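# Working through the structure, step by step
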Amino acid sequence: MTSIADGSVRIQTSSESIPSPPSWFGEVVLMAAHLRKHDVLTKISAGVRFARRRFGHYEVIDFLAVLFGYAISGERTLEAFYERLQPFAAPFMALFERDRLPSRSALSRFLAALTEAPVDALRTLFLDDLESRPLTHDKQTGGLADRAGNEWVVFDIDGSREAARQRALPQTEDLPPPSRRLDEVCAAGYRGRKRGQVVRTHTVISQAHRFQWLGSFGNRGNGRYREELRKALAAIGRYLAAHQLPQERALLRLDGQYGTGAVLSDLAGFAFVTRGKDYTVLDHPLVQARLHLPPDQSQQRPESQVVRCLYDCPEVPVGSESVPCRVVVATHPASNKKSPVGVTRAGVVYELFFTNLPQYAFTASDVVELYLHRGAFEPQLSDEDSEQDPDRWCSHSAWGQECWQVVSHWVWNLRLELGHQLAPEPLRTTEFAKAGLEAKEQLPHPCGYGKPEVAAAFKAGRFSGQDFTLQPDGTLRCPAQQSLVVHERRKEADGSLRVVYAASIRSCRPCPRPRAVPMAGQRHQEAAPGERAAASISRWC
């Protein structure tokens with residue numbers, strides 16, 4: 001019998017520690033080689049200049065190399081990243097053509113001392129690098145095809161908030177005022193959570209078809225969304241110019257915080273879809289008159305049991321600026337639970353959607369579906385949080401945190417680019433409906449009820465339709481200042497809808513001119529698919 005102790009196998013141990021390379025080090029090697037190949041590191045060294053004392057012999061590229069590695073690694077904190085990187089500091093910096101790894105304290109001082117100019121220069125290089133190389137070999141951008149056969153490039157603009165918890169500190173007369181480390185980057189803002197939190201808003205721009213980031217802008221608290229929106233529009237304009245795309249084919253999907261007339265006035269030249277939050281639009285006479293007619297369409301999402309009735313109201317002035325806008329009103333019965341969006345009136349929930357898209361290309365249902373498809377933007381934000389988490393706190397300085405978030409989005413775009421080289425897949429084009437030959441030769445006319453045409457007086461001494469004023473509640477006001485309400489709605493043989501208005505007999509008896517006041521009726525022509533919508537108002541005694 002042979003025992004294992006009698007064999008020739010010998011085990012030797014040593015107290016010397018030999019650390020293993022981190023699992024993410026191979027991706028760093030690949031990314032650094034890709035950046036060197038396209039001279040990105042050289043452009044950063046030449047374009048991002050920041051003079052500051054107490055940096056020793058370090059340059060800007062040394063600190064940015066650490067941030068690139070930190071974004072690729074996925075480590076939760078810079079401390080954990082430095083612990084894993086320290087045994088391989090020399091080869092890591094050699095990948096970026098540098099010879100010494102900056103210490104954690106030097107990196108902290110660098111981020112705290114950053115100003116707006118170098119961060120803007122880095123953001124410019126980030127966008128230049130995105131525009132310099134197409135995602136696919138045939139330079140596809142993806143798109144969305146409307147019912148008229150036109151293609152649109154969709155961009156998402158949205159702001160996400162990151163909360164930071166703060167401990168309660170005692171505040172008495174014998175103690176100095178409390179000093180918070182995050183006062184420069186965070187402020188009180190809406191988060192829907194506990195009171196001890198402060199937030200930072202991070203506004204991002206995404207190309208919806210390629211899932212690439214075009215820019216990011218952060219601010220304390222709820223942010224400066226109008227200022228960030230103007231910066232986002234400038235970045236989108238540069239992207240369109242680089243890909244030789246007309247601005248008329250750019251479509252913006254905006255979050256509900258942009259749904260006011262003041263913000264819509266900043267979107268000159270861009271097509272947009274957003275959820276409206278200016279519910280005073282519901283009281284406008286044009287909207288009230290439309291709500292008293294049958295809906296244009298009904299819509300139901302596959303994941304929801306809610307059926308929305310859609311009312312399309314073109315050319316409605318929005319806000320104090322009276323911005324002409326196409327308003328789509330979606331209604332559904334209210335439930336026992338308070339609706340998270342919209343406003344509830346008389347047991348009905350009203351939701352507003354603002355857009356300037358043409359009716360012949362996008363129906364009311366298309367507009368609502370297009371906005372609600374922003375749900376595809378949320379998984380992108382979720383994937384980014386799980387893979388890179390750009391909202392990790394790297395600095396207590398506002399511009400230091402901005403620098404980190406730009407680098408994090410840069411790494412995201414590089415991963416997409418290298419992934420397409422490894423597994424090239426064509427970018428898809430979303431179609432609401434296939435455009436027919438007639439739609440390509442001649443644009444179809446909108447469906448639904450058009451504006452009523454006021455009829456003239458049919459007899460001398462009688463009132464015309466212009467003498468009856470439409471009220472915000474959908475009623476008519478006659479010249480005798482009496483109210484006429486809807487008495488009957490009936491379909492005519494030609495497909496039109498006749499709405500008959502009548503006044504109470506008690507209102508007509510004391511009128512000094514009873515024979516001069518006619519009964520009022522509205523005749524709305526409903527268009528068939530491919531035909532022009534028309535409407536008229538007829539008055540008679």
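Residues numbered from 1 in each chain as written. Predicted model: local features only at pLDDT ≥ 70, side-chain atom pairs only at ≥ 80, totals over all residues. Heavy atoms only, no water.

Per the stated rule, a full pass over the model turns up 3 cavities of 30 Å³ or more. Of the volumes computed, that of the largest cavity is approximately 70 Å³. Around the largest cavity, the lining residues are F126, D129, L130, R133, P134, L135, R210, Q212, W410, N413, L414 and E417. Elements supplying a minimum of two residues to the lining of the largest cavity: α7 (116-132) and α13 (398-422). Element by element, the count of residues in the lining of the largest cavity is highest for α13, at 4 residues. Of the residues that constitute the lining of the largest cavity, the class distribution is 6 nonpolar, 2 polar and 4 charged. (1 Å grid on protein atoms, 1.4 Å probe; cavity = no way out; pocket = protein on both sides within 12 Å on 5 of 7 lines; lining within 4 Å. Points joined across faces, edges and corners; volume = space filled by probe spheres on them. Helix = DSSP H or I, 4+ residues; strand = E, 2+ residues; numbered from the N terminus. Nonpolar A, V, L, I, M, F, W, Y, C, P; charged D, E, K, R; others polar.)

Moving on: the packing of aromatic side chains. Think of a pair of aromatic rings as described by two things: how far the centres are apart, and how the planes are tilted against each other in angle. According to the stated counting rule, one finds 18 aromatic pairs in the structure shown. Ring centres 5.8 Å apart and planes at 65 degrees place the aromatic pair F126 and W410 in the edge-to-face group. Placement of the pair is F126 in helix α7 and W410 in helix α13, with a sequence separation of 284 residues. Among the aromatic residues, those joined into a cluster by ring pairs are W24, F25, Y70, F81, Y82, F88, F92, F96 and W404. R392 extends its terminal NZ or CZ atom over the ring of Y70, reaching a point 4.5 Å from the ring centre. (Phe/Tyr/Trp six-rings, centres within 6.5 Å; stacked < 30°, edge-to-face > 60°. Lys NZ or Arg CZ within 6 Å of the ring centre and 35° of its normal.)

Below, the discussion takes up the nonpolar core. Counting 57 residues, the largest nonpolar core has I44, F81, F92, F96 and W410 as the members making the most contacts within it. Secondary structure elements with two or more residues in this core: α1 (25-37), α2 (40-47), α3 (60-73), α4 (78-85), α5 (89-95), α6 (104-113), α7 and α13. The element contributing the most residues to this core is α3, with 11 residues. Judged by nonpolar contacts, the second largest core, of 39 residues, contains F217, Y311, V323 and C325. (Core = buried A, V, L, I, M, F, W, Y, C linked by side-chain atoms within 4.5 Å. Buried < 20%, exposed > 50% of the residue type's maximum accessible area, 1.4 Å probe, protein only.)

Turning to the pattern of salt bridges, a few remarks are in order. Here the structure, examined in full by the defined rule, presents 20 salt bridges. Between R200 and E402 there is a salt bridge, with the nearest N and O atoms lying 3.5 Å from each other. Separated by 202 residues along the polypeptide, R200 in strand β3 (residues 197-207) and E402 in helix α13 bring together distant segments of the chain. The same class applies to R200 as to E402, namely buried. Among the salt bridges present, the one from E351 reaches R308, with a minimum N-O distance of 3.1 Å. Taken together, the residues E351 in strand β11 (residues 348-355) and R308 in strand β8 (residues 307-318) connect sequence positions 43 residues apart. With respect to burial, E351 and R308 carry one shared label: buried. Linked by salt bridges that have partners in common, D120, R123, R200 and E402 make up one network. (Salt bridge = Lys/Arg side-chain N within 4 Å of Asp/Glu carboxyl O.)

α4 packs onto α3 with a crossing angle of 100 degrees between their chain directions and a minimal axis gap of 11 Å. As the angle between them shows, α3 and α4 are arranged roughly perpendicular. Taking contact as the criterion, the partners of V66, G69, Y70 and S73 in α3 are, on α4, L78, F81 and Y82. Here the residues of the contact of α3 with α4 are counted per class, giving 5 nonpolar, 2 polar and no charged. (Axes fitted to C-alpha atoms, helices over the stretch in contact; angles between N-to-C directions. Parallel < 35°, antiparallel > 145°, perpendicular 65-115°, else oblique. Contact = heavy atoms within 4.5 Å.)

It is worth spelling out the confidence of the model for the protein chain at this point. Averaged over all residues, the pLDDT of the protein chain equals 80, while 81% of them reach at least 70. Contacts for the low-pLDDT stretch residues 436-447, under 50 throughout, to residues beyond four places or in other chains number 19 contacts. Counting interchain partners and residues more than four positions distant, the pLDDT-below-50 stretch residues 516-541 has 109 contacts. (pLDDT = per-residue confidence, 0-100.)

To continue, consider α3. Taking 1.5 Å of rise per residue, 14 residues should cover 20 Å, and α3 covers 20 Å from first to last C-alpha, within 8% of that figure. Most of α3 is tucked away, with 14 of its 14 residues classed as buried. Of the residues flanking the end of α3, it is G74, one or two places downstream, whose phi is positive at about 80 degrees. (Expected span 1.5 Å × (residues − 1).)

Another point: the pairing of β8. As judged from the 4 bridges shared by strand β7 (residues 297-300) and β8, these two strands associate in the antiparallel manner. Residue S298 lies in a different strand from β8, and its bridge partner there is C309. In the sheet, β8 pairs with strand β9 (residues 323-333) via 8 bridges, with the strands oriented antiparallel. Residue pairing for β9: C313 is matched across the bridge by V327. In this antiparallel pair of consecutive strands, β8 and β9, the connection spans 4 residues, and G319 shows a positive phi of 75 degrees. (Pairing = 2+ DSSP bridges.)

Mapped onto the elements, D266 comes out in the loop between α9 (261-264) and β6 (271-276). Separated by 36 residues in the primary sequence, D266 and R230 have C-alpha atoms spaced 7.4 Å apart. If we ignore the near neighbours within four places in the chain, the residues touching D266 are R226, R230 and L233.

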